[in-house]
Amino acid sequence: QKNPDVVGVIFIMTIDQSKLSTSNTPFAMIDEHSAIPSEQEILFTMHTVFRVVEMKQTAKNNRLWEVQLTITDDNDPQLSTLTNRIKHEVQDPTGWHRMGKLMLKVGHFDQAEELYQELLKNASSDSERAHIYHMLGMLKNQQGKYPEAVKFYEKSLEIKRKTLPEHDASLATSYNNIGLVYDNMGEYSKALEFYEKSLKIREISLPPTHPDLAQSYNNIGMTYYPMGEYSKAFSYLEKALGILRKSLPSTHPHIKSVMNSIAAVKEKL
């Protein structure tokens, strides 16, 4: 009321009884127990999930929005698909490492760094230390702290090179990620150096239709683009597209992304 720029929101919640599991009680009317009975309070259990159906401005006041919500449950196919996808992306043998990946996924960088630094103190093997340094490198890259990211990735790479075979796929991942950081810094020649090291290993250790191989071709192509090397960019992007068309569904967004990149290169050519 004091600030005219503040926007008000009214939440309208719809609860479809047919969607609720008989084993759960996701909400309860607590009018009789509320300090202010006229407010018709509702208590929801933890982790109750609502789907946003519609958002619209009210007719009488354009600073007031109505948000229509409908309750959902574990049987919701889209919610299940999203949950399963996140579970797949944060896979890790130990719970604390899964937690760290999830924190990175949702952008809780300070908490993730605190967790990984604590895990580093208690790491019991070189492989675990290499993994933690790698995750800290990812964290710093996402924060835009590129020099720090390179240092963590190089620490991880140093351990891996001492403990893994020369053409291990994990080394390729490290080289690729260091290349990504230099790419983000605009140091394209340096980025190419690491991308090519990654590609060399992947061409030896992976089948010719593996998506990671396509990733290497795509990264090299997209690094040649800002360098003005459009013919080279086109060649590598075409290789990436060929692999993705063999290994992914035709509607996969990675295919669309590479096609867009190829279109941009063709325009330059």
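Positions within a chain are numbered from 1, following the residues in the order the chain's sequence is written. With the structure being a predicted model, the display of local features is reserved for residues of pLDDT at least 70 and the display and counting of side-chain atom pairs for 80 or more, all residues being used for whole-chain, interface and lining totals. Side-chain numbers come from the whole structure's heavy atoms, not from hydrogens or water.

A. Structural detail: the packing of aromatic side chains. The rule is short: rings of Phe, Tyr and Trp, with Trp giving its six-membered ring, pair when the centres are within 6.5 Å, and they are stacked under 30 degrees, edge-to-face over 60, tilted in between. This structure, assessed with the given rule, holds seven aromatic pairs. Look at NZ for Lys and CZ for Arg. If either is within 6 Å of the ring centre and within 35 degrees of the ring normal, a charge sits over the ring. The ring of Phe-194 is capped by Lys-197, whose NZ or CZ atom sits 5.1 Å from the centre of that ring.

B. Expanded view of the nonpolar core. Buried Ala, Val, Leu, Ile, Met, Phe, Trp, Tyr and Cys residues that are joined via side-chain atoms within 4.5 Å together make up what is termed a nonpolar core. Here the term buried applies to any residue with accessible area under 20% of the maximum for its type, exposed to any over 50%, and partly exposed to those in between, with areas from a 1.4 Å probe on protein chains only. Core analysis: the largest hydrophobic core is formed by 32 residues, its most contacted members being Tyr-217, Ile-220 and Val-258. In this text, helices come from DSSP runs of H or I with a minimum length of four residues, and strands from runs of E with a minimum of two, each type numbered from the N-terminal end. Examining the composition of this core, we find that seven residues originate from one element, helix 9 (residues 230–247), more than from any other. In what follows, residue pairs with any heavy atoms lying within 4.5 Å of each other are defined as contacts. Ignoring anything within four residues of it in the chain, the contact list for Val-258 reads Asn-218, Leu-237, Ala-240, Leu-241 and Leu-244. With 16 residues, the next largest nonpolar core counts Leu-119, Tyr-133, Phe-152 and Ile-159 among its residues.

C. Layout of a nonpolar patch on the surface. A residue counts toward a patch only above 30% relative accessible area and without a salt bridge, and it is joined to like-charged neighbours within 9 Å or, for Val, Leu, Ile, Met, Phe, Trp and Tyr, to nonpolar neighbours within 5 Å. Residue exposure ignores everything except the shown protein chains as possible cover, and the areas themselves are Shrake-Rupley values with a 1.4 Å probe. For this analysis, a salt bridge means a side-chain nitrogen from Lys or Arg found within 4 Å of a carboxyl oxygen belonging to Asp or Glu. On the surface, a cluster of nonpolar side chains totalling about 590 Å² of accessible area is made up of Val-9, Phe-11, Met-13, Val-52, Met-55 and Trp-65. Of all the secondary-structure elements, those providing two or more residues to the nonpolar patch are strand 1 (8–14) and strand 4 (49–57). The element contributing the most residues to the nonpolar patch is strand 1, with three residues. When you line up the elements, Met-55 lands in strand 4.

D. Inspection of helix 9 at higher detail. In this analysis, the expected span of each helix is defined as 1.5 Å times one less than the number of residues it contains. With 18 residues, helix 9 should cover 26 Å at 1.5 Å per step; its first-to-last C-alpha distance of 26 Å lies within 8% of that length. Along helix 9, the positions that sit buried rather than exposed are Ala-233, Tyr-236, Leu-237, Ala-240, Leu-241, Ile-243 and Leu-244. The buried residues of helix 9 occupy an angular sector of 165° when projected down its axis, which confines them to one face. Seen from the open side of helix 9, the exposed residues pointing more than 90 degrees away from its buried face are Ser-231, Arg-245 and Lys-246. Each direction from the helix axis to a C-beta atom contributes to the arc, which is the arc of those directions.

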